[in-house]
Amino acid sequence: MNSLNDLFARLREATAPAEIEALQDGIWQIWLTAGHPLLDKYLEAGMRALAAGDYTLAIQQFTLLTETSPDYAEGWNKRATAYYLRGEYNASLRDVRETLRLEPRHFGALSGWATMLRMLGDARGALRVLGRLEKLCPAWPGLQTQLRDLRDQLDDLAE
């Protein structure tokens, strides 16, 4: 079985979209294993609620997960997603920061953070966050286009 470090090392070198996707899937499989039946129950219940659009229930389940296992980064990331989908961007950003404190390579959290910063009009911040994503996987599909668009936007503001 591949370790997270192995998968991330391969992700840095990957260039083919199918390979990048396969490596991401392997990383997600590891991240989505809470490691205890009760934690897995909270995670699964929260993910079902998220899929059903019941963001309040999802937040409740992910809160139980983060309170029970505060060092489990994916609990924070999933709750950040639920807050984001409910339009609570400040709460989402707080949980994204906690996710990244626990797992600085969390590409899902980085991508979500950049999206929120762009929505909030912080092109410079989004560019900085996407730069972190670029270090993880320079060939991430669509990343170079996003970086170029943000740089162009910032250049236009500077003129």
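Preceding this paragraph is the structure being described.
If you're wondering where the values come from, they're calculated on a predicted model, not measured in any experiment. Numbers given to residues run from 1 along each chain, matching the order in which its sequence is written. Local features are withheld for residues below a pLDDT of 70 in this predicted model, meaning they are given only at 70 or higher, and side-chain atom pairs are given and counted only at 80 or more; totals for whole chains, interfaces and linings count all residues. Side-chain numbers here rest on the full set of heavy atoms in the structure, without hydrogens or water.

Attention now goes to the pattern of salt bridges. By convention in these notes, a salt bridge is any Lys or Arg side-chain nitrogen within 4 Å of a carboxyl oxygen on Asp or Glu. By the definition in use, this model includes five salt bridges. Of the charged contacts, one joins Lys-78 and Glu-74 as a salt bridge, the two residues approaching to 2.9 Å between their closest N and O atoms. Here Glu-74 and Lys-78 lie together in helix H5 (residues 73–85), a separation of four residues that amounts to about one turn. For the residue pair Lys-78 and Glu-74, the accessibility class agrees, reading buried in each case. The closest approach of N and O atoms between Asp-95 and Arg-79, which form a salt bridge, is 2.6 Å. With a gap of 16 residues between them, Asp-95 in helix H6 (residues 89–102) and Arg-79 in helix H5 connect regions that are remote in the sequence. Buried, partly exposed and exposed residues are distinguished by accessible area as a fraction of the type maximum, computed with a 1.4 Å probe on protein chains only: under 20%, between the cut-offs, and over 50%, respectively. Under the relative-accessibility criterion, Asp-95 is labelled buried at 4%. Secondary structure elements are taken from DSSP: a helix is a run of H or I of four residues or more, a strand is a run of E of two residues or more, and numbering for both begins at the N terminus.

Moving on to the packing of helix H1 (residues 4–13) against helix H2 (residues 17–31). Direction vectors running N to C along H1 and H2 enclose 160°, while the axes themselves pass 10 Å from each other. With respect to H2, the element H1 is oriented roughly antiparallel. The chirality of how H1 crosses H2 is left-handed. Between H1 and H2, the contacting residues are Leu-4, Leu-7, Phe-8, Arg-10 and Leu-11 on the first element and Ile-20, Leu-23, Gln-24, Gly-26, Ile-27, Ile-30 and Trp-31 on the second. Asp, Glu, Lys and Arg are counted as charged, while Ala, Val, Leu, Ile, Met, Phe, Trp, Tyr, Cys and Pro are counted as nonpolar; the rest, among them Gly, fall into the polar class. Taken together, the residues of the contact of H1 with H2 sort by class into nine nonpolar, two polar and one charged. Only the contacting stretch of a helix is used when fitting its axis, a line to C-alpha atoms as for every element, and angles between N-to-C directions run 0 to 180 degrees. Oblique is the label for any angle not covered by the other classes, which are roughly parallel (under 35 degrees), roughly antiparallel (over 145) and roughly perpendicular (65 to 115). For any pair of crossing helices, the crossing counts as left-handed if the nearer helix is rotated counterclockwise from the farther one by less than a right angle, and right-handed if it is rotated clockwise. In this analysis, two residues are considered to be in contact whenever any of their non-hydrogen atoms come within 4.5 Å of each other.

So, on to H2. End to end, H2 covers 21 Å across 15 residues, agreeing with the expected 21 Å (1.5 Å per residue, within 8%). Where H2 is concerned, the buried positions are Ile-20, Leu-23, Gln-24, Gly-26, Ile-27 and Trp-31. Burial along H2 is one-sided: seen end-on, the buried residues are contained in an arc of 155°. For H2, exposure combined with an orientation more than 90 degrees from the buried face picks out Ala-18 and Gln-29. By this rule, a helix spans an expected 1.5 Å times one less than how many residues it contains. The directions considered for the arc are those from the helix axis to the C-beta atoms.

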